[in-house]
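# Descriptive analysis of the structure
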Amino acid sequence: MEQKFIEQFDGLLEKYTDLLVGQHTPDTIKKVEMWALYTHIAKSMPALAKHWNEMYPDAKEEMKKVIAEIKQLNEEHRSSK
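The paragraphs below set out a description of the structure included in this document. (Residues numbered from 1 in each chain as written. Predicted model: local features only at pLDDT ≥ 70, side-chain atom pairs only at ≥ 80, totals over all residues. Heavy atoms only, no water.)

### Notes on helix α2 (residues 26-44)
Under the convention used in this document: Runs of H or I in DSSP of at least four residues are treated as helices and runs of E of at least two as strands, each being numbered from the N terminus. To estimate the expected span of a helix, subtract one from its residue number and multiply by 1.5 Å. Exposure is judged per residue with a 1.4 Å probe applied to protein chains only, and the accessible area is read against the type maximum: over 50% gives exposed, under 20% gives buried, and values in between give partly exposed. By definition in these notes, contact holds between two residues if any of their heavy atoms fall within 4.5 Å.
With 19 residues, α2 ought to run about 27 Å at 1.5 Å a step, and its terminal C-alpha atoms sit 27 Å apart, in line with that. For α2, every residue scored as buried is listed here: Thr28, Ile29, Lys31, Val32, Trp35 and Tyr38. Of the surrounding elements, those touching the buried residues of α2 are α1 (3-21), α3 (46-55) and α4 (57-79).

So, in structure tokens, the structure goes:
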């Protein structure tokens, strides 16, 4: 992939994160990226997500924390507008 495209896509993810949760720190951007990808996988290939959850129960718990954090940040951001 071209570096220009990677930078443009990173900009898209940064803006999405900012609009979703009201901030775009590197940590928050990574969490939103993981949340979005996991959500997509769970919807498009639920058997894969189920298998992963069963194989890595600790990671499943960590993902649940990420999902809860993104949800909380989104609610706080929407209520502050």
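Picking up after the structure, the text goes on.
### Focus: the pattern of salt bridges
In a structure, side chains of opposite charge can pair up when their charged atoms sit close to one another. Basically, it comes down to this: For this analysis, a salt bridge means a side-chain nitrogen from Lys or Arg found within 4 Å of a carboxyl oxygen belonging to Asp or Glu.
The final tally for this structure, using the stated rule, is six salt bridges. Notably, a salt bridge pairs Lys30 with Glu33, separated by 3.4 Å at the nearest N-O pair. Of this pair, Lys30 and Glu33 are both found in helix α2, three residues apart, which corresponds to roughly one turn of the helix. The exposure class assigned to Glu33 is partly exposed, which follows from its relative accessible area of 34%. The partner of Glu62 in a salt bridge is Lys65, and the shortest N-O contact between them spans 4.0 Å. Placement of the pair is Glu62 and Lys65 together in helix α4, with a separation of three residues, close to one helical turn. The class for Lys65 is exposed, based on a relative accessible area of 54%. Look at the salt bridges and you will find they share partners, linking Asp27, Lys31 and Glu69 into a network.

### A word on the packing of aromatic side chains
Under the convention used in this document: For this analysis, a ring pair means two rings from Phe, Tyr or Trp (six-membered ring only for Trp) whose centres lie within 6.5 Å, classed as stacked if their planes differ by under 30 degrees, edge-to-face if by over 60, and tilted for the remaining angles.
Considering all chains together, one arrives at three aromatic pairs under this definition. Measuring from ring centre to ring centre gives 5.8 Å for Tyr38 and Trp52, while their planes differ by 55°; the resulting arrangement is tilted. Of this pair, Tyr38 sits in helix α2 while Trp52 sits in helix α3, and the two are 14 residues apart along the sequence. Judged by its relative accessible area of 17%, Tyr38 is buried. Using a relative accessible area of 29% as the deciding quantity, one classes Trp52 as partly exposed. Note on Trp52 and Tyr56: the rings are 6.3 Å apart at their centroids and 50° apart in plane angle, and the pair reads as tilted. Using a relative accessible area of 45% as the deciding quantity, one classes Tyr56 as partly exposed.

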